[in-house]
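Single-letter residue listing:
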Amino acid sequence: MDDVNKLINTTKQNKLSHAELVELLEYDSTTGIFTWKVKKGSARPGDVVGNKPTSCGYLRVAINRESYYLHRLAWFYYYKVWPSKYIDHIDGHKTNNAISNLQDISMIENNRKQRNEIGILGERCLNNCLNGKVQVTVRSRYLGQYNTKEEALTIRDKYLEDNNLFIDENGYVKDKP
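Parameters at a glance
- Residues numbered from 1 in each chain as written.
- Predicted model: local features only at pLDDT ≥ 70, side-chain atom pairs only at ≥ 80, totals over all residues.
- Heavy atoms only, no water.
- Helix = DSSP H or I, 4+ residues; strand = E, 2+ residues; numbered from the N terminus.
- Contact = heavy atoms within 4.5 Å.
- Polar contact = N/O pair within 3.5 Å; in protein donor to acceptor, adjacent residues only side chain to side chain.
- Salt bridge = Lys/Arg side-chain N within 4 Å of Asp/Glu carboxyl O.
- Buried < 20%, exposed > 50% of the residue type's maximum accessible area, 1.4 Å probe, protein only.
- Phe/Tyr/Trp six-rings, centres within 6.5 Å; stacked < 30°, edge-to-face > 60°.
- Core = buried A, V, L, I, M, F, W, Y, C linked by side-chain atoms within 4.5 Å.
- Pairing = 2+ DSSP bridges.
- pLDDT = per-residue confidence, 0-100.

**Some details on the environment of K37**
Counting through the fold element by element, K37 comes out in the loop between strand 2 (33-36) and strand 3 (60-63). In this structure, the C-alpha to C-alpha distance between K37 and E26, residues 11 residues apart in sequence, is 6.2 Å. Setting aside its immediate chain neighbours within four residues, K37 contacts V22, E23, L24, L25, E26, P45 and Y77. A distance of 2.6 Å separates a polar atom in the side chain of K37 from the backbone oxygen of V22.

This is the structure:
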């Protein structure tokens, strides 16, 4: 799966050069805010780019009919190379794209950090955490939505036990030996 994602990301990355990015957008590395340098659709020079988070909480922009996450573009804009791994928001705020808040980390580090921040592996907040619901998914199996982390944790642990599974030190769900 990682090879497929790497191929897709490499293909997308090859479509946008650093020179083209700098020509289209201005990036303030202190605030993490991008603005348009050119008129693009309804956007005018000086307009803020990506001011509405996705359902996952990240900001993105479409350039040449490709969608890019702003945290990845911030890394590319500042360092002039695409990130080699996952871009982590150090403070946990997915819209804070200041370069001092971004780090290029491995999938294992990212999973570990998510588990520590969220508290329950396989959990994610729905609708940008506005409705307070917790969704639990283990090995792509949807286990439902719950009002508290405690409820979600109970369901997840019961599912793991009933299916003879465990979570290893890297955050992966595996079969018990």
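Structure's up, so let's keep going.
**Looking at the pattern of salt bridges**
In a structure, side chains of opposite charge can pair up when their charged atoms sit close to one another. As enumerated under the stated definition, the model contains three salt bridges in all. Notably, a salt bridge pairs E66 with K15, separated by 2.8 Å at the nearest N-O pair. Taken together, the positions of E66 in strand 4 (residues 66-69) and K15 in the loop between helix 1 (2-14) and helix 2 (18-24) put the pair 51 residues apart, joining distant regions of the chain. Since its relative accessible area comes to 47%, K15 is described here as partly exposed. For K37, the salt bridge is made with E26, and the minimal N-O distance between the two is 3.6 Å. Within this pair, whereas K37 is found in the loop between strand 2 and strand 3, its partner E26 is found in strand 1 (residues 25-28), the two being separated by 11 residues in sequence. On the basis of relative accessible area, K37 is assigned to the partly exposed category, the value being 33%. Exposure remark for E26: the relative accessible area of 38% places this residue in the partly exposed category.

**Quick word on the packing of aromatic side chains**
Under the definition given, this model contains eight aromatic pairs. Ring centres of F76 and W82 lie 4.1 Å apart, and the angle between their planes is 15 degrees; on these two criteria the pair is classed as stacked. Classification of F76 by relative accessible area gives buried; the value is 5%. Judged by relative accessible area, which is 16%, W82 ranks as buried. Centroid distance Y78 to Y79: 4.8 Å. Interplanar angle 80 degrees. Geometry classified as edge-to-face.

**Topic: the nonpolar core**
L21, L25, F34, I63 and L73 are the most contacted members of the largest nonpolar core, which has 23 residues in total. Residue assignment for this core shows that the elements contributing at least two residues are helix 2, strand 1, strand 2, strand 3 and helix 3 (70-79). Per-element accounting of this core gives the leading share, six residues, to helix 3. When residues no more than four places from it in sequence are discounted, the contact partners of F34 are L25, E26, Y27, D47, V48, V49, L70, L73, A74 and Y77.

**Re the pairing of strand 1**
Side chains of strand 1 alternate between two faces, with L25 and Y27 buried and E26 and D28 left unburied. One ladder, built from four bridges, connects strand 1 with strand 2; its direction is antiparallel. Considered in strand 2, the bridge of Y27 is made with F34. The hairpin turn running from strand 1 into strand 2, its antiparallel successor, is four residues long, and G32 in that turn takes a positive phi close to 80 degrees.

**Quick look at the confidence of the model for the protein chain**
The predicted coordinates should not be examined in detail at positions where pLDDT is low. Averaged over the protein chain, the pLDDT score is 76; the fraction of residues at 70 or greater is 70%. Counting interchain partners and residues more than four positions distant, the pLDDT-below-50 stretch residues 1-8 has two contacts.

**Regarding the environment of K40**
Within the fold, K40 resides in the loop between strand 2 and strand 3. Separated by 16 residues in sequence, K40 and L24 place their C-alpha atoms 8.7 Å apart.

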